[in-house]
Each structure stands twice: as C-alpha cells, then as structure tokens.
Amino acid sequence: MQQSGLIGKTSVRDNIIISDNPRYPIFKELYIKQKKAIWFPEELNIQQDVLDYKALTPVEKEVFDMAVGYFSSSELLVGNVLVNGFFPLLIDPYAKMSFTTQMFVENIHSDFFESIMQSFAMDRDKLYRITQTDPLLYKKQDIIIREVDKLTYGKGDPYTVAGRKLILKSILLNNIVMEGIFFYSTFAHFFAMKDTGKMKNVVSGVELVLIDESLHLQNGIEAILILLDETPEIVQDEEFVQEIQTVIIDSASLEFEYLERMFGGKTIYGLTFRELKRYLQYITDRRMEELGFEPAFHVDENPLKFLQKEDFKKLTNFFEVSSTEYTNY
Amino acid sequence: MNRIVVKRDGAEEKFQTRKIVNAVFWLLEGLDVKDDYDLVYRIMKEVDLKVPERVTTEELDYLVLKAIEQLIPRNTIYDRLAARQLLKIITRKLDLRFKSFAEFIHFGVQEKILKKELLNFDLMVLEKAVDESRNDTLDYFGLSVLQDRYFCRDRNFELIEKPQWFFMRVAMGIADDETQAVKIYHKLSALEYLHSTPTLYNSGTTTSQYSSCYINVVEDDLLSIMDKVRETSLLAKYAGGVGTDVTRIRATGSRIHSLNAKSSGIIPFIKIFDSTVNAIQQGGRRRSSQVVYIQPWHVDIEAFLDLKETTGNAYLRTPSLNTALWMPDEMMRRIDKGEMLYFFDPAECSGLVEAHGEAFTKLYKEYIKQAEAGKLRLWKKMDGREFYKKYLFKLAKTGHPWLTFKDAHNRQNPCPAYSVINSSNLCTEISIPNSSQSTAVCTLASINLAKHVNAGKTDLDWEKLHDTIATAVKALDNIMDRNFYPSEESKKNTMDLRPMGLGVMGFAEALLDLGISYDSDRAVTLAGQIGEFMKNTAYSKSAQMAKERGAFPHYLEMQQQGKPYPYKPRRNAVLLAIAPTASISIIAGTTSTIDSYFSNIYARDTLSGKFIVVNKKLMAQLEAADQWSDEMYETIKTWNGSVQHIAELEGVIDRELYKSAYEIAPARQVDIAAAFQRSVDQAVSKSIYIDEDLRDKMEDIYLYAWNQGLKSTYYCFIDKTVKGEKYTTQVNKRGARRGFGSRSPVSAAAEPETGSVVETVAIENDVQALEAQARQQFGDAVVDKVLSGNMDSCPTDPLLAKICPSCE
Ligand SMILES: [Fe+2]
Ligand SMILES: [Fe+2]
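Residues numbered from 1 in each chain as written. Chains lettered and ligands numbered in written order. Predicted model: local features only at pLDDT ≥ 70, side-chain atom pairs only at ≥ 80, totals over all residues. Heavy atoms only, no water.

Engineer: Can you walk me through the overall build of chain B in this structure?
Structural biologist: Looking only at helices and strands, chain B features 31 helices and 19 strands. Out of the 808 residues belonging to chain B, those deemed buried represent 62%. Residue pairs in contact within chain B that sit at least 24 positions apart in sequence constitute 73% of those at least 6 positions apart. Roughly 30,700 Å² of accessible area belongs to chain B as shown, and the carbon and sulfur atoms make up 51% of that amount. (Helix = DSSP H or I, 4+ residues; strand = E, 2+ residues; numbered from the N terminus. Buried < 20%, exposed > 50% of the residue type's maximum accessible area, 1.4 Å probe, protein only. Contact = heavy atoms within 4.5 Å. Areas by Shrake-Rupley, 256 points an atom, 1.4 Å probe, with all protein chains shown as cover.)

Written as structure tokens, this is what we have:
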C-alpha cells in the first residue's frame, strides 16, 4: 500500500520541520485563511438582542433555542472528534496547523454559543443536554459519535486500507456531515432571523461562524480527497463507496425529518419546511459533488435567495448593529 | 398538496395561486413593463415555495413581499413592486382606521403622541397638499426602514402613519405656518433634502428632541466628572449621540492633593461612561452612542489606544464607547518629520489643553525643555513615527480611535471669544465652541444632491439647489426654538450661538447622472463648487434671517462689548456640516454623504435587518443595453460587486463611472473631502476606504489628509479579503480531482420526490419547451389565456396544467 504523507503513526520527534515547499500547499493556504478569520465573541454586542429575544413568539423562540442548544454541544463535539479522533494520526505539519486552528476556532464557537445562553439567561443545562433528550437531535449526533468512537478506541490503523477507511469516514462525518450539512442547515434558521429583523447581533456572530465552518468543510474535503488519492484501494471497494453515499443521504434524511418537525405546516421567520428541505437538498448535492459523487437531488439553485446577502461585501450602520468588519484582521 | 388560507374573518378557503397572480398584476398598474408575464411568473415560483399548508391572508401578503424582495437584484422593476406591496400592507389596516390625514392628527394629539400645537394649523389646507403619488419616490429599502423605525405608532405599537402623513407631520413640527409646512413637506417628500434621524422621529411629537449631537467637556475634578455622566445619560436617553472631551482628567500617578494620594488615571472614569451608555442603549429605536475625545499628548494615551481592543482586562476596555484623537498640528509635524513626541499630565501642563496653533507649539516646546531638565514629575517620550504606526495599527484593527485635527478645527472658530472648540462629535462633522458650562448641540439636515441634477443631466440645477438650501436653513433655525434641551448647558450653547449643520448626500449619484467619474479631477472641482455655493447661499439666508429675527446672541453681545467679530451679522454662528447620513441616505435611496458608491452590489446591515443594495443606475443602464441578466448578476457577484474586470462590459458602459469605494484611490477620496472642507464652516466627516493591498500606505494617506486641510477623518475601512464559501454560488472545491468519482458513478438512490417542488423544478427547466409544445398543440390564444392565470378554473389537460400558474 502506498505511503501516506498525511496520516501515520510517528514519534513526537518527527515532522517538526516546515518545508518551504510543503507537500500539501492547500493546508498552508487553509491555515492562513483560518488565521485571518479569527474573531472573539466579545467583539459582538450580543446583549443588545435581549429585548428581541423576549419578544420572540413561542415557535420562534423554540427554533432559536433548539438551534443554540444544538450548536452549543455540537461545537464541543467537533472539538472532541478532532482531538480524540483523527488528529493524533495526522503527520503533515501544515495539515496539523490547519486542523489545530480549526480546534481552536471551535472553542471560540462554543464560547460564542455559551455567551448567547448567558446573555439571555437561557436554560443552559437543558440546552446542553438537548442533543440527548430530543430524539432527533440525539440521532444527528449519534450517527457521528458511533463511528468516530471506533477511532477513539484505537481501531484506526493508518497502515491498512481498513484503518484508512475508518479514518476517512470519521473525517467525513465530522467535517462534511456535521459541519457541512447539519450546521449549514441550521445556519439558514439564523440568517432568516436577521432577514426578518430579529436577533441581529447574534446573527452577526453566526455570519462569522459560517465563514469559519466553510473553511473547516474545506479542511475535511481536502483531507478526504488526499486520502482517496493516496489509497486507490478505497474506491475499488464498491460496497464502501455505496456505504459513504448512503451515510450522506441518511444524514440528510435525518435533517429533513428534523426540519419537518420544526417547520412543517407553518411559516417561521418567513421560512417553510418546503423551502428548507429544498435548501438542504441543494447543500447536500454540493457536498456530494465536492466528493466526486453525482448529486442526489439535482437542485442547482439555492432556493433561499435571501442567503445571497451573505455573499456580498457588507456595510454596517455602526450605530445600529455591532460591526464585524474589524474582526478579521 | 392542499393549502388553506384563513381569512381575516376566520373563514377558510382553498389557496388559489390565481388570486395572488391578480394581486401582483395589480401592483404592476401604471408601470411600463416589457415582459410582465415573466415577472409575475418568477414571483409566483418563489411564493409557491413559501406558502405552508395553512396560512392567514396577512401572512400571505407578507410572503408575497418576501418573494418579491428576493428578486430585487434580478430586475429594476422588482424593487418598485416590493415597495408597492409593502405600502399595501402598511396602508390596508391604516385606511380602515383613519378616514383622513386630519383624523390621524386629531387621534395623535388626543393620545398625546403628537403635540397639541399641531392643531393650530389649518388641517384642511395641509391635507390638500398631501400627495399620495409621491409614494413611488421611495424605494423598498427606504420604505422598509421608515416603517420599521420612523413612522409613529400608537400605544399598542400599531403603525398610525404612512409615508406622506409622516413627511407632513415632520414638516408641521418645524414650520411656523401652513405655507412653510407645505414648502418643507414638498421638499421632504420629493427627497430633495431630509432632516436627521432624531428630527424625523420626533418632530411634531410630544418628544420634541430634534438634535443629533451633543458635545460636552469634562473638567478635572470628581464632581464635574459625575455631573457629566449625569448629563450624558440624559442626552443619550433621547437618542442623541454624545461627544465628550476627557483630555483634562489627570493622568495615572498624578498627585491628588486633597487626598494626598495618586490618581488612577483616565481609564476608570471613561469606563463609567461606557457602563452608562451601555445601560441606556438597551431597547432604543436607535442605539444611543458616545465618543470620548482625547488630545494625544496625554500621558495615558497608550491605554486610551487600547480601549477598543476586545481582549485583555475587561476593566480597561470600553466596548460600548467610540474613541477619537484630537490631534494638534505640532504633533503631526513631528510625526511627519520623524521627531520625538512628548506626553504630559494635564494636571501638570494644563496650558496645553486650550492652547492651539502657534501658542500650543510654543508651550509644548517649553514643556519639553522642562521635562528634559527634570522639572516635570510625569512625562514620557516616544519616536513620532513609532507612535503613529502603533496608532494606525489600532485604527486598522479596532476601527478606533478616529483621527481629527485640533488646529484645523480651531483655526476656523468663528467665536474664539466664546470658547475654544474642545472636540468634535460622534460622527466628527461638528465644530462648535463649547466648554463645561456650555454643551454644544447641533441639529442636522442633508441635501440630496442626486435630486438636484438638471433635466438634461448636463449640470446641477443651481436654482433648485438654492431654494432647497434656503428652505433647509430656515427650517433648522426654527427647530432651535422648538427643541427640547435635556440639560441647561446644552440650552445655553444653542441660545448663544444658534449653530446648525447642513450637509449633503447623493454626491456620487449626482456625479453618475452627470457622467463624471468619482475618481477624476472634475469630481474634485464640482465638489469645490458645490461647497462654495452652499456656503454662499446658506450664509446669505442666515444674514437675511439676522435682519428679520436678529443675529445670534453671542455676536450681539460682543458687539455691545465693543469687541465685534469681523464679519457681518448672521443668525447662526455656524451653518454647514457634512454628516455621514448613514440612515437618511437609505431613506432617500441614494449614496451616503460625499462618499462614492460602496459597491455595485453589496449587503447592508441595519437595525431593520440586512438588505441587498444594487446600484440601480448600473442595473437600469445594463437593462437598457439588454445586458442585465441572471448571468451578469452572478458575474458581478463573483467580483464582489466590482465591474472593473468584466470584459463583456467594455464599450457597453463606461466602467470608470462604476468604481466601488475600494477602487478609488484614497488620495482622491481625501481630495474630494478637502474640496468640500474649504467652504464648510464646520467639518466633513470622511471615512476612508483602503484596499488591503494599500495597507502599507496608511501612514501616507493620513498624513496627506492632514496636509490637505481635512478637519476630521472617520472610520477607516479596509477591504476584508477573507470570505467564506459563497453561499448561493456553486464553488468547485474538488477541481479536476475525481474523489469518489474515480469509480463509475453509482446511481444516487435518492428518495422519490413528490409534491409541487419537483413540479416547480420541471417547470423551471423546461418551461419554454413546454410552452412551445403547448402553443403548437392548442394554439396561441388558449396558451396565452392559461399563462395569464385569468381562467375561471384550471385546465384539465396535463400539458396545459404544467404551464398554468394557478395549478398546484
Ligand atoms: Fe464550529
Ligand atoms: Fe467547525
């Protein structure tokens, strides 16, 4: 089997030299991008939204609370997966820098969601546990935890094809399914709030989380593509390839189920279940394509057009909304 | 899927697309639209996705609005349609409640929302002047912001105002009589000029607070500090922005004689202001804000530069405050020449606080001598360039402190005998003498230059501009006697000086109409001409008002004392100030202040939500040239709103005219501000936009601004290059690599799709093909009828049903 430059088991003495001609320049680029994007929750004025929060209708509040609750423990979960899961197996210096930066940024994110809960005196205990008490949210995390824990308990051997498959799957579940599908799904709920003039300072922070997560997603995609490239045996295994596709589609289905429960039959923040489902299909198709699969749903246009607001240069009315322009320095 | 609409009376009916189609066609009335069916069809596609299983009529109206809003960047017409739909939502309820304008005014007075003095007007005369056809002047963004925050609401928070009533109510709160009210109403409703936000909020209401800015001075003693905290909290409560000079407060380690102890410096006191303003910010329609100014020779300056850092000891940080430097020329000169800067304790070197120009330089040098001779207890020195670099680093990183120039402000002080100018205000455009006994107050208005281009678009309509300036000056002077002053000190300043600040917005839009590039010498020349014209017109109006109503009291006082000022009597000490116009330029639908277009497509974050702003002139020009399409929109989006690199546009438009803020040389931005500043008696608030590639040039840019005679700079925007993945544009991260696709593609076993989503996709993909097929099969007449959606029932033929907009 071909040697991998990305993963292996080495002494701590090894790989402590940075080459000016890195093996995977993309990770250098991603490290720099993540570094430039670093921000802190203190830069936002979350507290300003407290009256907004109190004025949310019960369904609006439910969507907000569930979103915050889901993120609060999931950010920590991403950190766990990185630390206990595949990070110890990374050997390339820039890949390590890129993934440690991601780990650091996950701290910022959980700090951010924690400060939201503190600012609005939300029921923290309940929300941190929401992914255990709510059956659907439980499934969304469990689908990831189940697989990754195989790595946690030392079953991923980077020198066998089977081990590499396990590693690949854990990156996929963490960086693509959780960050690139589940997180993206919930981002839309937050952006719809701002679009309807609610929770603007919180959402300004989520805009920054989105920038970070798009980079984490890229971390994952690059790692997977490299592993596939270095281990052609993986793609030869038709069953495994099918299994990966199924995992992605099953995950999307879990999310559909969740969306239907929250939004079915009503409009919240101007969003309906049908739009959200179609949006998630669009997102899932993009992930499939990025990995080299055919799209599953053939949705080529993002139906949530208000999200295009996230794509433009932003000019903030400084005296009205906390600015995030100065955070990425 | 069966969808149910719940009507206002509780009755339920089946959701019918046809009804919405008709309603949308109604919105199109009177508009000259080429392809109205296509426009409506696109709206319906969006609506279809948005309507859930059960919906109320009210929600439905709102969903239609959201659907249209999403299409705004696609065609200029959608903006108008969205504005009309929003207006429909606003007026529907209102019209059931009030039969007339007069009825609204009576209701407002009775509920103590409006001032009872409004009843002194002949309401019939005013009602006749109210012109509903003006509604089409407002664009969607402007109307959204108005209805969200500016229109009056009753005690149950229900809207009681619509656009034309709003403009008339504002006019009534300013005018002396019906004639003046109608005059102001016409100017406002045509968006020719607008008063500043507090005036628009409060004019004519029982909260008669018209002013945007207050500027106070803190003395170096505990009582004064606490007194100014109290004053600031009152000023901030009424949504004013407060500027506060803290230079006099003694430095860390300075001796406090009465206690025989050492002072803990300025930061803990500034922190009190931070907490106060944060407490008051909660829940206002507009966040109250404060800026603290300091002269950078204060020995605590380094801690001051760190106030807006977001990390470090929270007791030394002021997240709710803004900060600014009041920089003397002598320090800039030393920075320029790379000489040493010295920093002193104001308790020990108090003369520096009020000295300016030559006198400051002399005194500063004297203190340097004393310091080097070991005669001063508390001082520091640092290489000028080092300090400057450190400062600019903070400016780029935290956006603060802003840089304003003490001597440029004070050189043009019209009333030096009254007091020095101790600092500027929250937006850095104010320049009014003040002291701890006299808190400067300024009431602002801005002329929309875009509405003063002549019909042939060859020049400005100077006569109209003259008329608008005269109207605005008289209006602003009126306000001073109707205004509510939260403190005695603030009342005193206005009663002594009668200062006002008339500025501009829409300069860039006017340039575009005139075919002048913002980044050109012609733009600089025109800026100078406009400034001069404004000064001459405003001053002659003020001189005329002095004849009718008397010159400003301090002027007369000096005259009586036999020390007259060397200028002719006028009603107001100062008249012009160019404010950032952040909110009112949105209402007016134009470019803010004297800034260029920010970008051709960008998102704007406001208290009323996030809006996409498209350069409508560009869109219209490209539509006329048949070049505006979804693809072009995507292309411009990919370029982050720039058109400079889009080769297809070569020869179609003059791309030079459509440069965005970061594409205009910073020196040019400064030149334009300087050209205005030559005639503006107060200051020009100038934000500077710097492309990331020019980061290293910041030192030169700010030295240039100082050399060109700017009084003030404001925010420094540095183009942010880190971007996440574009959300709505597909990005191929995989490139040529095949990933899992190295195998032959396994068919993605997606769940079977049902419902209208798939149908919509099918229609979307094949609509033209289907339509052509249908035309062949059934003939044009039938197909057109189906397409128009005006059929009594939906077609039964499956092919026709596919193109019928009403079919589920
Ligand atoms: Fe995260
Ligand atoms: Fe992440």
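After that view, the rundown keeps rolling.
Engineer: Even after reading the chapter, I still don't get the coordination of the iron ion (ligand 2), so can you show me in this structure?
Structural biologist: Working reference: metal with six octahedral donors, ideal angles 90 or 180 degrees; metal with four tetrahedral donors, ideal angle 109.5 degrees. Residue and element names in this part refer to chain A. Taken together, the protein donors to the iron ion (ligand 2) comprise Glu 106 (OE), Glu 179 (OE), Glu 213 (OE) and His 216 (ND1), at separations of 1.8 to 2.1 Å. Relative to the metal, the 4 donor atoms surrounding the iron ion (ligand 2) lie at angles of 88 to 169 degrees, and the coordination shape comes out irregular. Binding-site remark: the iron ion (ligand 2) is held by donors from one chain whose sequence spacing is E-x72-E-x33-E-x2-H. Distance-wise, the iron ion (ligand 1) is placed 3.2 Å from the iron ion (ligand 2), both being coordinated by Glu 106. Of this pair, Glu 106 sits in helix α4 (residues 93-119) while His 216 sits in helix α9 (residues 200-230), and the two are 110 residues apart along the sequence. (Donors = N, O, S within 2.8 Å, 3.2 Å for Na, K, Ca; no water. Tetrahedral: all angles 85-135°; square planar, octahedral: opposite > 155°, others 65-115°.)

Engineer: I'm lost on the sheet that holds strand β2 (residues 12-14) of chain B in this one. Help?
Structural biologist: For sheets, the rule is that strands pair by backbone hydrogen bonds, running either parallel or antiparallel. Residues and elements named next belong to chain B. Pairing within the open sheet is mixed, and its 3 strands lie in the order β2-β1-β3. Bordering the open sheet on either side are β2 and β3 (54-56), each of which pairs with just one other strand. In this sheet, adjacent strand axes meet at a mean angle of 30 degrees when their direction is disregarded. Together, β1 (4-6) and β3 form the strand contacts of helix α3 (residues 57-71), whose direction differs from that of β3 by roughly 90 degrees. (Pairing = 2+ DSSP bridges. Axes fitted to C-alpha atoms, helices over the stretch in contact; angles between N-to-C directions.)

Engineer: In this structure, what is going on with the domain arrangement of chain B? I would like to understand it.
Structural biologist: When the parts come together, some accessible area is lost, and that loss is often what is quoted as the size of the interface. Residue and element names in this part refer to chain B. Structurally, chain B comprises domain 1 (1-97), domain 2 (101-190), domain 3 (213-411), domain 4 (444-544 + 572-595 + 662-718), domain 5 (602-657) and domain 6 (767-803). For domain 2 versus domain 4, the distance between C-alpha centres works out to 27 Å. Together, the buried faces of domain 2 and domain 4 total about 1,300 Å²; carbon and sulfur atoms form 56% of this surface. In this structure, the connection of domain 2 to domain 4 is made through 3 salt bridges. Between Lys 183 and Asp 467 there is a salt bridge; the shortest N-O distance is 2.9 Å. The interface formed by domain 2 and domain 4 holds 9 residue pairs in polar contact (both at pLDDT 80 or more) in total. Among the elements of the structure, α7 (140-150) and α9 (178-189) are those that each provide at least two residues to the side of domain 2 that touches domain 4. Grouping the amino acids of the side of domain 2 that touches domain 4 by side-chain chemistry returns 9 nonpolar, 4 polar and 4 charged. (Domains from an automatic or database assignment. Buried area = accessible area lost by both parts, 1.4 Å probe. Salt bridge = Lys/Arg side-chain N within 4 Å of Asp/Glu carboxyl O. Polar contact = N/O pair within 3.5 Å; in protein donor to acceptor, adjacent residues only side chain to side chain. Nonpolar A, V, L, I, M, F, W, Y, C, P; charged D, E, K, R; others polar.)

Engineer: Sorry if this is basic, but what is going on with the pattern of salt bridges here?
Structural biologist: Oppositely charged side chains are able to pair whenever their charged atoms sit close together. Residue and element names in this part refer to chain B. Following the criterion strictly, the structure yields 82 salt bridges over all chains and no others. Across the pair Glu 69 and Lys 66 runs a salt bridge, and its minimum N-O distance is 3.0 Å. You can see Glu 69 and its partner Lys 66 sitting in helix α3, 3 residues apart, about one turn around the helix. With a closest N to O distance of 2.8 Å, Lys 390 and Glu 302 form a salt bridge. With Lys 390 in helix α17 (residues 384-398) and Glu 302 in helix α13 (residues 301-305), this pair connects stretches of sequence that are 88 residues apart. Taking the relative accessible area as the measure of exposure, Lys 390 reaches 30% and is therefore partly exposed. Looking at Glu 302, the relative accessible area reads 24%, which means it is partly exposed. Sharing partners across several salt bridges, the network here consists of Asp 176, Asp 477, Asp 481, Arg 482, Arg 498, Arg 549 and Arg 571.

Engineer: Hey, could you run me through the nonpolar core in this one?
Structural biologist: Across soluble globular proteins, you tend to see nonpolar side chains buried next to one another. Formed by 231 residues in total, the largest nonpolar core has its most connected members in Phe 344, Tyr 364, Leu 502, Phe 507, Phe 676 and Tyr 702 of chain B. Contacts of Phe 676 of chain B, omitting those with residues within four sequence positions, involve Val 504, Phe 507, Ala 527, Ile 530, Gly 531, Ile 578, Ile 594 and Val 684 of chain B. One finds Leu 137, Phe 182, Leu 210 and Ile 248 of chain A within the second-largest nonpolar core, a separate group that totals 117 residues. (Core = buried A, V, L, I, M, F, W, Y, C linked by side-chain atoms within 4.5 Å.)

Engineer: Would you mind going over the state of the cysteines with me for this structure?
Structural biologist: Note on terminology: a disulfide is the covalent bond linking the sulfur atoms of two cysteines. All names here are of chain B. Under the criterion given, the structure shown has 0 disulfides over all chains. Between Cys 213, a cysteine without a disulfide, and Cys 442, which holds the nearest cysteine sulfur, the sulfur-to-sulfur distance is 5.7 Å. Among the cysteines around Cys 427, which has no disulfide bond, Cys 213 carries the closest sulfur, lying 6.2 Å off. (Disulfide = S-S within 2.5 Å.)

Engineer: It is not clear to me how the packing of helix α14 (residues 329-337) of chain B against helix α28 (residues 698-707) of chain B should be interpreted in this structure. Could you clarify?
Structural biologist: Between two packed helices, the angle of one axis relative to the other and the distance separating the axes together describe the packing. Residue and element names in this part refer to chain B. Interaxial distance between α14 and α28 falls to 11 Å at its minimum, and their mutual angle equals 140 degrees. The pairing of α14 with α28 is recorded here as oblique in orientation. Crossing handedness for the pair α14 and α28: left-handed. Residue-level contacts link Asp 329, Met 332, Arg 333 and Asp 336 of α14 to Tyr 702, Leu 703 and Trp 706 of α28. (Parallel < 35°, antiparallel > 145°, perpendicular 65-115°, else oblique. Left-handed = near helix turned anticlockwise from the far one by under 90°.)

Engineer: Looking at this structure, how should I read the coordination of the iron ion (ligand 1)?
Structural biologist: Every protein donor of the iron ion (ligand 1) is listed here as Glu 75 of chain A (OE), Glu 106 of chain A (OE), His 109 of chain A (ND1) and Glu 213 of chain A (OE), and their distances to the metal cover 1.9 to 2.1 Å. All donors of the iron ion (ligand 1) belong to a single chain; written as a sequence motif, their spacing is E-x30-E-x2-H-x103-E.

Engineer: In this structure, what is going on with the packing of aromatic side chains? I would like to understand it.
Structural biologist: We describe a pair of aromatic rings using the distance from one ring centre to the other and the angle between the two ring planes. Using the criterion set out here, one finds 55 aromatic pairs over all chains in the structure. Summarising the aromatic geometry, the rings of Tyr 184 of chain A and Phe 187 of chain A are spaced 5.6 Å apart at their centres and angled 65 degrees between planes, so their arrangement reads as edge-to-face. Taken together, the residues span about one helical turn, with Tyr 184 of chain A and Phe 187 of chain A both in helix α8 (residues 161-195) at a distance of 3 residues. Ring centres 5.9 Å apart and planes at 20 degrees place the aromatic pair Tyr 342 of chain B and Trp 379 of chain B in the stacked group. Here the residue Tyr 342 of chain B occupies a position in strand β11 (residues 340-344), and Trp 379 of chain B occupies one in strand β12 (residues 379-383), the gap between them amounting to 37 residues. Residue classification places Trp 379 of chain B among the partly exposed positions, given a relative accessible area of 27%. One Lys or Arg, Lys 140 of chain A, reaches over the ring of Tyr 70 of chain A and ends 4.1 Å from the middle of that ring. (Phe/Tyr/Trp six-rings, centres within 6.5 Å; stacked < 30°, edge-to-face > 60°. Lys NZ or Arg CZ within 6 Å of the ring centre and 35° of its normal.)

Engineer: So what exactly am I meant to see when it comes to the environment of Pro 328 of chain B here?
Structural biologist: All names here are of chain B. Looking at the secondary structure, you find Pro 328 in the loop between β10 (321-327) and α14. Classification of Pro 328 by relative accessible area gives buried; the value is 0%. Pro 328 sits 219 residues away from Val 109 along the chain, and the two C-alpha atoms are 51 Å apart. Not counting residues within four places of it along the chain, the set of residues in contact with Pro 328 comprises Pro 296, Trp 297, Phe 360, Lys 406 and Asp 407.

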